[in-house]
Amino acid sequence: MSVSGVNGTGQRRPTMKEVAARAGVALKTVSRVVNEEPNVSPELTAKVQAAIKDLNYTPNESARMLRRGKTGTIAVVIRDIGDPFFASLGRAVELWARSSGSVVMIGLTDEDPERERDVCLEFVARRPDALIMAPIGETQEYLAPHVDAGMAVVTIDRPAHGIEADAVLADNAGGIDQAIDHLVRQGHRRIAYLGDDERIFTARERVVAYRAAMARHRIDVDEDLVHLSEPTTEGIGITLSAVLDRAEPATALLSANNMTTAEVLRGLAGRRDRVALVSFDDLALGDLLSPGLTAVAQSADVMARTAIQLMTERLPEPHRPGRTVRVPVKLTIRGSGEIPPA
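Residues numbered from 1 in each chain as written. Predicted model: local features only at pLDDT ≥ 70, side-chain atom pairs only at ≥ 80, totals over all residues. Heavy atoms only, no water.

Q: Could you clarify how one ought to interpret the packing of helix H1 (residues 16–23) against helix H2 (residues 27–34) in this entry?
A: Each packed pair of helices is defined by two parameters, the angle between the axes and the distance between the axes. One way to put it is that H1 packs onto H2 with a least axis distance of 8 Å and a crossing angle of 110°. The angle between H1 and H2 falls in the class roughly perpendicular. From H1, Met16, Lys17, Val19 and Ala20 reach across to H2, where they touch Leu27, Val30, Ser31 and Val34. Classifying every residue of the contact of H1 with H2 by side-chain character gives six nonpolar, one polar and one charged. (Axes fitted to C-alpha atoms, helices over the stretch in contact; angles between N-to-C directions. Helix = DSSP H or I, 4+ residues; strand = E, 2+ residues; numbered from the N terminus. Parallel < 35°, antiparallel > 145°, perpendicular 65-115°, else oblique. Contact = heavy atoms within 4.5 Å. Nonpolar A, V, L, I, M, F, W, Y, C, P; charged D, E, K, R; others polar.)

Right, here's the structure in full:
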């Protein structure tokens, strides 16, 4: 338990009044120097700073932030820190916060709408200046009172609904187009699609883009080759058997996210060189596989930096209309997507 006026060593903290007495200036002058306000002469500023150093005075940062109407805190709510994409996002935001003197709170939703709501409301009760989140619920209207009160909200990977917020999204359709175009150029027509739960915005966008890309190439979609589910080892194993162990098997796989890709690679052990694979999302060691992983790469760092930029622009204008930024993706060719049909 902390006690007001006592530091972590048990010693009493010096007060602003004591700083003023040591410097021989008014209490208001010390306050102005500590809060970096104008209209204090260099001479008085030097006296106050010397007294602060002599007394080892530390301002009450919480009180100072509250007086300014800011807390210096950023809340981040994402799917799962074990997901490499979201782990990279969280790290990028934390690095920015460290350089700017802010503090980050990170919470996980596990793709559960109720968990999202609980975590977000718990965080906003602590009055963060901004919330960066990857929403899963159908609506984020529960955040409306906090947005109306001036909290900036930026969503990443998925848009928000029911509130005014900025969004940073990957070019999902463009990435799927690149993947299908590439596989068709290799001679594939029986292309299986393995995607995530359709509750997830990116999963919906990508499967729609898959169907559109196949239609553009005048390829009928075999619904038995389209599988949408949470990526688990058992589930992906069953899916691979369904699309590969059949009279007319798929000759290529399009895996629509990195977690699915990891399970696909595990399930393909021993036959990776017999079926083409393109992943939407790269893997950290994708270039070390044999064959190397051909992947549509999206940059978590770029998306995080874009979200931070939108956040800093929204903080002074919390009620401006929301903006959506689409971040380009790039097909990286390494070998797995270049295996020809048997």
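Q: In this structure, what is going on with the nonpolar core? I would like to understand it.
A: Note on soluble globular proteins: their nonpolar side chains tend to be buried together. One finds Tyr210 and Leu254 to be the most contacted residues of the largest nonpolar core, which totals 47 residues. Examining the composition of this core, we find that seven residues originate from one element, helix H12 (residues 300–314), more than from any other. Counting the residues that make up this core, at least three belong to each of domain 2 (68–170 + 300–327) and domain 3 (172–299). The contact partners of tyrosine 210, leaving out residues within four places of it in the chain, are Ile176, Ile180, Ile191, Tyr193, Val221, Val226 and Leu254. (Core = buried A, V, L, I, M, F, W, Y, C linked by side-chain atoms within 4.5 Å. Buried < 20%, exposed > 50% of the residue type's maximum accessible area, 1.4 Å probe, protein only. Domains from an automatic or database assignment.)

Q: What's the story with the packing of aromatic side chains in this structure? I'm lost.
A: If you walk through the whole model with that rule in mind, you get two aromatic pairs. An angle of 75° between the planes, with centres 5.2 Å apart, marks the rings of phenylalanine 85 and phenylalanine 86 as edge-to-face. Of the two residues, phenylalanine 85 and phenylalanine 86, both sit in the buried class. Ring plane angle 35° and centroid distance 4.9 Å describe the contact between tyrosine 193 and tyrosine 210, whose orientation is recorded as tilted. With tyrosine 193 in strand S6 (residues 191–195) and tyrosine 210 in helix H9 (residues 201–216), the pair connects residues that are 17 residues apart, well separated along the chain. The two residues tyrosine 193 and tyrosine 210 agree in class, both being buried. The ring of phenylalanine 280 is capped by arginine 206, whose NZ or CZ atom sits 3.8 Å from the centre of that ring. (Phe/Tyr/Trp six-rings, centres within 6.5 Å; stacked < 30°, edge-to-face > 60°. Lys NZ or Arg CZ within 6 Å of the ring centre and 35° of its normal.)

Q: When you look at the pairing of strand S10 (residues 294–297) in this model, what are you seeing that I'm missing?
A: For a regular strand, the rule is simple: side chains alternate between the two faces of the sheet. Where strand S9 (residues 276–280) and S10 come together, three bridges link them in parallel fashion. Looking across to S10, one finds that serine 279 is bridged to alanine 295. Across three bridges, the pairing between S10 and strand S12 (residues 330–332) is antiparallel. Within S12, the residue paired with alanine 295 across the bridge is threonine 332. (Pairing = 2+ DSSP bridges.)

Q: Would you mind showing me how to read the pattern of salt bridges here?
A: Side-chain pairing between opposite charges can occur once the charged atoms of the two side chains come close. Applying the stated criterion to the full structure yields 21 salt bridges. A salt bridge links arginine 216 to aspartate 181; its shortest N-O distance comes to 3.1 Å. Separated by 35 residues along the polypeptide, arginine 216 in helix H9 and aspartate 181 in helix H8 (residues 172–185) bring together distant segments of the chain. You can call arginine 216 partly exposed: its relative accessible area is 44%. Of the charged contacts in the structure, one is a salt bridge between arginine 199 and aspartate 197, with a shortest N-O distance of 3.1 Å. (Salt bridge = Lys/Arg side-chain N within 4 Å of Asp/Glu carboxyl O.)

Q: Hey, could you run me through the sheet that holds strand S7 (residues 226–228) in this one?
A: Backbone-to-backbone hydrogen bonds pair the strands of a sheet. The strands run either parallel or antiparallel. Strand order across the open sheet formed by six strands is S7-S6-S8-S9-S10-S12, with mixed pairing between neighbours. For this open sheet the edge positions go to S7 and S12, each flanked by a neighbour on one side alone. Averaged over all adjacent pairs, the angle separating strand axes in this sheet is 15°, with direction ignored. Looking at chain direction, S6 and strand S8 (residues 252–255) are connected through four bridges and run parallel.

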